[in-house]
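Examining the three-dimensional arrangement
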There are 2 protein chains.
Amino acid sequence: MPMDRIRLARLRDRIMSPEDAALFFKDGMTVGMSGFTRAGDCKAVPFALAERASREPLQITLMTGASLGNDIDKVLTDANAISRRIPFQSDPTLRRKINAGEVMFIDQHLSETVELLRSKQIAPVDIAVVEATAITENGGIVPTTSVGNSASFAVLAKKIIVEINLKMPQALEGLHDIYIPTYRPHRLPIPLISPEQRIGLPFIPVDPEKIVAIVITEKADSPSNVLPPDHETNAIAGHLNEFLFHEVKAGRLSPSLQPLQAGIGTIANAVLHGMLDSPFRDLKMYSEVLQDSTVELLDDGRLTFASASSITLSKGAYERVLSQIDRYKQRLVLRPQEISNHPEVIRRLGLITINTALECDIYGNVNSTHVGGTHMMNGIGGSGDFARNAHLSVFVTKSIAKAGAISSIVPMVSHVDHTEHDTDIIVTEHGLADLRGLAPRERARQVIDNCTDPLYRDVLRDYFLRASRRGGHTPHLLQEAFAWHLRYEQQGSMLAHEQEAALV
Amino acid sequence: MPMDRIRLARLRDRIMSPEDAALFFKDGMTVGMSGFTRAGDCKAVPFALAERASREPLQITLMTGASLGNDIDKVLTDANAISRRIPFQSDPTLRRKINAGEVMFIDQHLSETVELLRSKQIAPVDIAVVEATAITENGGIVPTTSVGNSASFAVLAKKIIVEINLKMPQALEGLHDIYIPTYRPHRLPIPLISPEQRIGLPFIPVDPEKIVAIVITEKADSPSNVLPPDHETNAIAGHLNEFLFHEVKAGRLSPSLQPLQAGIGTIANAVLHGMLDSPFRDLKMYSEVLQDSTVELLDDGRLTFASASSITLSKGAYERVLSQIDRYKQRLVLRPQEISNHPEVIRRLGLITINTALECDIYGNVNSTHVGGTHMMNGIGGSGDFARNAHLSVFVTKSIAKAGAISSIVPMVSHVDHTEHDTDIIVTEHGLADLRGLAPRERARQVIDNCTDPLYRDVLRDYFLRASRRGGHTPHLLQEAFAWHLRYEQQGSMLAHEQEAALV
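Everything numeric here is computed off the predicted structure, so don't read it as measured data.

1. Quick look at the relation of the copies chain A and chain B
What connects the two chain copies is a rotation about an axis and a shift along it. Overlaying chain A with chain B gives an RMSD of 0.0 Å, the required rotation being 180° about an axis along which the chain moves by 0.0 Å. On this basis, the relationship between the two copies can be described by a two-fold rotation axis. Scanning chain A for the C-alpha nearest the rotation axis identifies Glu344 of chain A, at a separation of 2.1 Å. When the interface residues of chain A are mapped onto chain B, 100% of them are again interface residues, pointing to one common binding face.

2. Some remarks on the packing of aromatic side chains
Note on aromatic pairs: each is described by the distance of the centres and the angle between the planes. Taken as a whole, this structure holds five aromatic pairs over all chains when the rule is applied. Both rings, one in Phe482 of chain A and one in Phe482 of chain B, keep their centres 5.1 Å apart while their planes meet at 25°; by these two values the pair is stacked. Within this pair, whereas Phe482 of chain A is found in the loop between helix H16 (454-470) and helix H17 (483-491), its partner Phe482 of chain B is found in the loop between helix H16 (454-470) and helix H17 (483-491), the two belonging to separate chains. Comparing Phe482 of chain A with Phe482 of chain B shows no difference in burial state: the two are buried. Sitting over the ring of Tyr328 of chain A, Arg327 of chain A keeps its end group 4.8 Å from the ring centre.

3. Comments concerning the confidence of the model for chain A
Across chain A, the average pLDDT comes to 96, with 98% of residues at or above 70. Reported confidence for the predicted complex is 0.97 by ipTM and 0.97 by pTM.

4. Here we look at the UniProt feature "active site" (unreviewed entry) in chain A
All names here are of chain A. Per the UniProt entry, the sites bearing "active site" (unreviewed entry) are Glu288 in this numbering. Residue position: Glu288 is located in the loop between strand E11 (283-286) and strand E12 (289-290). When sequence neighbours within four positions are dropped, the list of residues in contact with Glu288 reads Phe36, Leu110, Ala308, Ser309, Ser310, Ser340, Asn341, Gly382 and Phe386.

5. Things to note about the sheet that holds strand E24 (residues 409-410) of chain B
Residue and element names in this part refer to chain B. Taking strand neighbours across the sheet as the criterion, the three strands line up as E18-E17-E24 in an open arrangement whose pairing is mixed. Taken across any chain shown, the strands that pair with only one partner, and hence form the sheet edges, are strand E18 (366-367) and E24. Pairing analysis gives two bridges linking strand E17 (residues 359-361) to E18, with the strands arranged antiparallel. From the neighbouring strand, Glu359 faces E18, where its bridge partner is Asn367.

6. Describing unusual backbone geometry
All names here are of chain A. Across the junction of Arg184 and Pro185, the peptide omega takes the value 5°, indicating a cis bond. Turning to its location among the elements, Pro185 is positioned in the loop between strand E8 (159-165) and strand E9 (211-217). For Arg38, which is not glycine, the phi dihedral falls at a positive 75°. Note that Arg38 resides in the loop between strand E1 (30-33) and helix H2 (45-55). When its relative accessible area of 23% is taken as the criterion, Arg38 is described as partly exposed. One non-glycine residue, Ala403, lies in positive phi territory at about 55°. In this fold, Ala403 is placed in the loop between strand E22 (400-401) and strand E23 (406-407).

7. What about the packing of helix H15 (residues 440-451) of chain A against H16 of chain A?
Residue and element names in this part refer to chain A. Where H15 contacts H16, the axes come no closer than 10 Å and their chain directions differ by 170°. The angle between H15 and H16 places the two elements in the roughly antiparallel class. Here H15 and H16 pass one another in a crossing that is left-handed. From H15, Arg441, Ala444, Arg445, Ile448 and Asp449 reach across to H16, where they touch Arg457, Leu460, Arg461, Phe464 and Ser468. Residues belonging to the contact of H15 with H16 are distributed by class as follows: four nonpolar, one polar and five charged.

8. Description of the sheet that holds strand E3 (residues 82-86) of chain B
All names here are of chain B. Strand order in this open sheet of seven strands is E4-E3-E2-E1-E5-E8-E9, and the pairing throughout is parallel. Where the open sheet ends on each side, the last strands, each with one partner, are strand E4 (104-105) and strand E9 (211-217). Examined bridge by bridge, E3 and E4 share two bridges and lie parallel to one another. By the bridge assignment, Arg85 is partnered in E4 with Phe105. Running over the sheet, helix H2 (residues 45-53) touches strand E1 (30-33), strand E2 (60-63), strand E5 (127-132), strand E8 (159-165) and E9 and is turned about 120° from E8.

9. Let's talk about helix H7 (residues 231-249) of chain B
Residue and element names in this part refer to chain B. Between the first and last C-alpha of H7 there are 27 Å, a value that for 19 residues agrees with the 27 Å anticipated at 1.5 Å per step. Along H7, the residues that are buried comprise Thr233, Ile236, Ala237, Leu240, Asn241, Phe243, Leu244, Glu247 and Val248. The arc enclosing the buried residues of H7, seen along the axis, measures out at 165°, which places them on a common side. Turned more than 90 degrees away from the buried face of H7 sit His231, Glu242 and Lys249, all of them exposed. Where H7 is buried, its residues touch helix H8 (266-273), strand E16 (352-356), strand E21 (392-396), strand E25 (425-428) and strand E26 (431-434). Near the N-terminus of H7, the side chain that reaches the backbone nitrogen of Glu232, with its oxygen 3.0 Å away, is that of Asp230. Backbone geometry just downstream of H7 places Gly251 in the positive-phi region, at approximately 80°.

10. A short note on H16 of chain B
Residue pairs spaced three or four apart in an α-helix point in one direction, given the helix's 3.6 residues per turn. Residue and element names in this part refer to chain B. Here H16 spans 25 Å end to end across 17 residues, near enough to the 24 Å set by a 1.5 Å rise per residue. Regarding H16, the residues found buried are Tyr456, Leu460, Tyr463, Phe464, Ala467 and Ser468. Along the axis of H16, the buried residues cluster in a sector spanning 130°; they form a single face. Set apart from the buried face of H16 by more than 90 degrees, the exposed residues are Asp458 and Arg469. Among the structural elements, strand E22 (400-401), strand E23 (406-407), E24, helix H15 (440-451) and H17 are those in contact with the buried residues of H16. Its side-chain oxygen placed 2.9 Å from the backbone nitrogen of Leu455, Asp453 serves as the N-cap of H16. Remark: Gly471 follows H16 within two positions and exhibits a positive phi of approximately 100°.

11. What to know about the pairing of strand E13 (residues 303-308) of chain A
Residue and element names in this part refer to chain A. Of all six residues making up E13, five are buried, and the element is well covered by its neighbours. Pairing of E11 with E13, which is carried by four bridges, proceeds in the parallel orientation. Among the inter-strand pairings, Met285 is bridged to a residue of E13, identified as Ala306.

12. Some points on the domain arrangement of chain A
Residue and element names in this part refer to chain A. Entries for chain A in the domain assignment read domain 1 (2-217) and domain 2 (231-475). Each of domain 1 and domain 2 was reduced to a C-alpha centroid, and the two centroids are 29 Å apart. Across the boundary between the two partners, domain 1 contributes 50 residues, which contact 45 residues of domain 2. Summed over both partners, the interface of domain 1 with domain 2 buries about 3,800 Å², with 59% contributed by carbon and sulfur atoms. Where domain 1 touches domain 2, the interface holds three salt bridges. Linking domain 1 with domain 2 are 30 residue pairs in polar contact (both at pLDDT 80 or more). Those elements that place two or more of their residues in the side of domain 1 that touches domain 2 are helix H4 (92-99) and helix H5 (113-118).

13. Things to note about the pattern of salt bridges
Per the stated rule, a full pass over the model turns up 76 salt bridges over all chains. Note that Glu137 of chain A and Arg7 of chain A form a salt bridge whose closest N and O atoms lie 2.8 Å from each other. Here the residue Glu137 of chain A occupies a position in the loop between strand E6 (134-135) and strand E7 (141-142), and Arg7 of chain A occupies one in the segment before helix H1 (18-21), the gap between them amounting to 130 residues. On the accessibility criterion, Glu137 of chain A (44% relative accessible area) is partly exposed. The exposure class of Arg7 of chain A is partly exposed, given its relative accessible area of 24%. The residue Glu480 of chain B makes a salt bridge to Arg466 of chain B at a minimum N-O spacing of 2.7 Å. In this pair, Glu480 of chain B is assigned in the loop between H16 and H17 and Arg466 of chain B in helix H16, connecting sequence segments 14 residues apart. Residue Glu480 of chain B is classed as partly exposed on the basis of its relative accessible area of 25%.

The rules we used
- For every chain, the first residue of its written sequence is number 1, and the numbers climb from 1 along that sequence.
- Just so you know, chain letters begin at A and ligand numbers begin at 1, following the order they were written in.
- Two thresholds apply to this predicted model, a pLDDT of at least 70 for residue-level local features and 80 or more for giving and counting side-chain atom pairs, whereas whole-chain, interface and lining totals are computed over all residues.
- Just so you know, side-chain values use all the structure's heavy atoms and leave hydrogens and water out.
- A least-squares superposition brings the copies together, and it is based on the C-alpha atoms of residues with pLDDT no lower than 70 in both.
- For this analysis, residues touch if any pair of their heavy atoms sits within 4.5 Å.
- Two aromatic rings, drawn from Phe, Tyr or Trp (for Trp, its six-membered ring), form a pair once their centres lie within 6.5 Å of each other, and the interplanar angle then sorts them: stacked below 30 degrees, edge-to-face above 60, tilted otherwise.
- The helix count covers DSSP runs of H or I at least four residues long, the strand count covers runs of E at least two residues long, and both are numbered beginning at the N terminus.
- Three exposure classes are used, based on accessible area relative to the maximum for each residue type with a 1.4 Å probe and protein chains only: buried under 20%, partly exposed in between, and exposed over 50%.
- By the criterion adopted, a ring carries a charge over it if an Arg CZ or a Lys NZ lies within 6 Å of its centre and within 35 degrees of its normal.
- A residue's pLDDT is the confidence the predictor assigns to it, expressed on a 0 to 100 scale.
- UniProt positions are given in the numbering used here, feature names are shortened, and annotations may be inferred rather than shown by experiment.
- For two strands to be treated as a pair, DSSP must find no fewer than two bridges joining them.
- Axes here mean lines fitted to C-alpha atoms, for a helix over just the part in contact, with angles spanning 0 to 180 degrees between N-to-C directions.
- Working rule for angles: under 35 degrees goes down as roughly parallel, over 145 as roughly antiparallel, 65 to 115 as roughly perpendicular, anything else as oblique.
- Note: crossing handedness is left-handed where the near helix turns anticlockwise from the far helix by less than a right angle, and right-handed where it turns clockwise.
- Nonpolar residues are Ala, Val, Leu, Ile, Met, Phe, Trp, Tyr, Cys and Pro. Charged residues are Asp, Glu, Lys and Arg, and all others, Gly as well, are polar.
- One fewer than the residue count of a helix, multiplied by 1.5 Å, yields its expected span.
- Think of it as the arc spanned by the lines of direction from the helix axis to the C-beta atoms.
- Polar contact criterion, stated in full: a pair of N or O atoms within 3.5 Å, where within protein one must be able to donate a hydrogen and the other to accept it, and residues adjacent in sequence count only if both atoms are side-chain atoms.
- Domain delimitation follows an automatic or database domain assignment.
- By buried area we mean the combined loss of accessible area, with a 1.4 Å probe, across both parts when two parts are placed together.
- Every case where a carboxyl oxygen of Asp or Glu lies within 4 Å of a side-chain nitrogen of Lys or Arg is listed as a salt bridge.

Below is the structure:
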C-alpha cells in the first residue's frame, strides 16, 4: 500500500475490512455509491453490504451515477438489499424485480439527481461510498474511471466510505474536473464555454472527518459489453455521415461539426466508430460516457478532445488507455454528471447528440425505456438532458428486431421519453428522416419512407393514410394505435398473419 | 405624430400606408411578426397582407412570438395567406385548418425558434414586422407590450417593417431588456442571475437601413380572454398554497418561495390570484406572460418584481397599467422569449412553474396540446421549457370537463408533451399529488386518490390494479389504455353506460 494513496496521514488508521465498513449501514438508509456505466463502481463494500443483508433485515435506497458493473446490482438484489433504486440501472436481475413492482425504481434525467438532493426534494444521502485513486493531503477524494454523482454524494452525505483501488493507476489524478454549481438562490453561471475547459478541482473537496472508513481493493472495472459494428450499424453511420457532410456543404455546420455526444451502447458506439470513415476533422466530444469509439477517434487524431463523466471500454481498450493514461489525459476530462449533462452547458455548446431509441413513431416521438409500454429496460439516462438541449438531436435504431417480428418504427410509441419536439433526426439502416421544421404529417412521410423496414412500410403508410382522412394535426386511430404491440404480445410478431405466412 | 417616436430623422420619409408596406411581401416568403399571447402584435400590416392575399396568390410562413390578438390569425387564414405557422397559435379558424392538414403547424418549445433560425435549421426570415413604441436616435426599435421573438426576427431579417403604435405610451421605453446570446461556437454564459437583473439594451439594435417601411397605427392590444376564478380554481389554488406552506415549514422553501412562472390561461391565472390569500411575501416572477393576477400581486405588494416576455391583461387592468407604466416599470421587465424561457436561466434560478394540463395520466405524463390525441388546441408554448428545468414543476387542471363527460385524469394520456420525468406535482380541485421521488406505481396511487374526480376514481383504480397484476415498471393494459377516449368519441362521454345512467 503506497502511502501516497492516502496523503492525509491521520486518515490511514481508518483503513478497515469491507465487512467492518459495511457495519455503518443501517436498515432504511439512503446510500450514494460511485459508478457510472460500469466505470468506477466500488468493488468491495457493496458485497459486504449484500452479505449482511442476506443475514439480517437490511434494505437501502441505492443511488448511483448510473449503471454499475461487477454484478453489484444483481448481488444486492439477490440479497434483497435494495428497496429503492435511483436514477439508472441495467441489470437483468434488478430489472425483473423492478418490473414485478418489488423494487421501486425512480428513472431520472441524469443531470437532475443531485439537484433534487441538494434542494432536499428526495431523501438525503446517509452514507456515500466512493471508489478513489487517492486521498489528497487535505482529504480530497480523487475519483477513478468515473465521476458520476460521487462529488455531490460525498459533499452532501453525513459519512463517507472510500475504497482505494490499487488497480487504478495513480496517474488518473489530474483527469477529473470537479465543479459543483453554487447553491440557489445565489447560483452563478457555470463558466464552461468549451469542452476542454477546466473549471473546478482535480479532486472532490470534503471534510476529512466525514471519511469514516477506507477500504483497499485491487480489481478492474467490468469491461464494456457493447457488440462490434455490423452491417446495419455501418449503414446507420453511413447515412448520418452523409447527412452531416451535406450540412457542412450547405454551410450549416463547420467541418469540425459541433461537439458530439453519443449515448451508451452498441449502436451509438458503432455510429461514432463510423466517423473514422468521415471527412470531419478536429472533432470534440462533450458526452456522458466515452466508449471504445472515442479511443479509436482519439488515436486516429480526428478527435482532439473528449469530455465526459465516465470511461467504459472493452478489456483491450481499457488496458491500453489506463497504461498510457498520462498521455491520454491531455485530451480527456471527467466531470460530475450534473455538468456533463447540464442543460445550461449543452444548450450553450450546441451539441450534436446521438442517442438510441427502443422505438420511434411516425411523428418523431421516442421510447427509450419501456418494452411493450410497460416493462423497464434500463432508464432514460442522459438522453433527455441531451436531446432536449441539442443543436441537432439524432436518434438511431435498427429498423427491426427479432428477425422482423418487431418493428422499431410504430404508429404510436407505447411509452414516450422524448417528444416530437425534441427529435430532429431519426436514422435506421434504411435511411434518415430529417424532421426539422416539419409539421407532423410531413414528418410521418419522412419516417415511413426513409426509416421503416419494407416489411412494415406499406402497413404503416396505410395506417397514416386512414388516420389522416379522419383528421387532426397529428392523425391517429386510437383503437389501432397499439395494435402492433398487442399482436406481438399475443402472437409473437407485429406482422399480420398473412404477411408472416408470406415471409416463411 | 410626435417626432420623438422616430428619433432617427432620416427614417421619417419611410412612413407609408399599410397597403404600400404590404407590397414588400412575396409569395413563399417567411415573415416574422411581433406578438406574444395577444400583446404587442402588429395592428395594420397583417390586414393589408390579408387583403393582398385575398386578391392574388400570396402565401407565407408566419412566425411569431406566440399567439396573436386582433383576429390576425383568423383574417390571414381566411385570406388563405398562411401555408406554415410557427411556433404557437390559439385561433379557432387557424386551428381548424391546422387540424384539416391545410396549414402546416410547427409546434415548438418557445425558447427554441430563434435558436433554430440562427443556426439556419429552418428557413430564414425574409421580413420582420414589429410593433414599436418608438425608434431611437440610432435606429433601435423599442417594442411595446411584448418582446417575444421580435428582437432576433429583426436582427436576422433582410428587411424590417416597423409599426409605430401611438396608442402605446412612450413611457414604455425602458421597460424592455434586449439580450441576445452570443453566437455558437463562442457562446458565453447568459449573465442573468436574478429576475430583476438587466443584462441588455432597452431597444432592439438593428441596422437602420434594413427598416424599409414605417406604418403608423393607433389601436390597443386585444384584451385577455381569461375567465375569473371560480370554485374549482379557488380549490386548486388552496391545495397548492397549502402544499407550498408545508414546504416552507419543512425548510425546503423560504417564505419568499422561488421565482414563480405561470402559464397563460384561466387556471394558471386563478392559481396565482390565489396567492393573494397566501402567507408568502417578497415573491418574484420569472415567467413568459404577465396576466391580471400579476398586477393584483404587485398592487398588493406581495410580489416585488416580475420578469416576462409579454403583458396580457383584461381591459381594465391593461388601462390601469399602461396609464401608470412609469410606476409599474420599476418592478417589471420584458425580455426576449428566448431569455424568459431559456433552460439555462430557468434551471439556474430554480423556478416554481405552474402550467395547465389538458389531461394527465396516472403516472404523471401530461398532454398540453392534443384533444383526443389528434387535434391541436394551441401548442406546447413555453410549458416544456419551464417544466423540464424547474425547481418544482406543477401542473394544474380541473379534474373533469363537460359536466363530467371528460375526465382530465386518464389511464394513459393520448398525447405526451411532458413526460413523467418532468412532472413533480399535479393539482386538481380535489387535491394534490406529490410525485417527487416516487416510482410509477407509487405515483399512480397518489394521482388516483388525490386528483381524480369521484366519478372516475373507482374505474381508474380498477384499471391500475388489473394492469399491476399484469406486471411492469409502468403497468398498462394497452388494449384498454385509450378506451375512455374512444368511448367519448363514440358516445359523447368517457363514463361507461351504467355510470352515466346512475348519474341521470
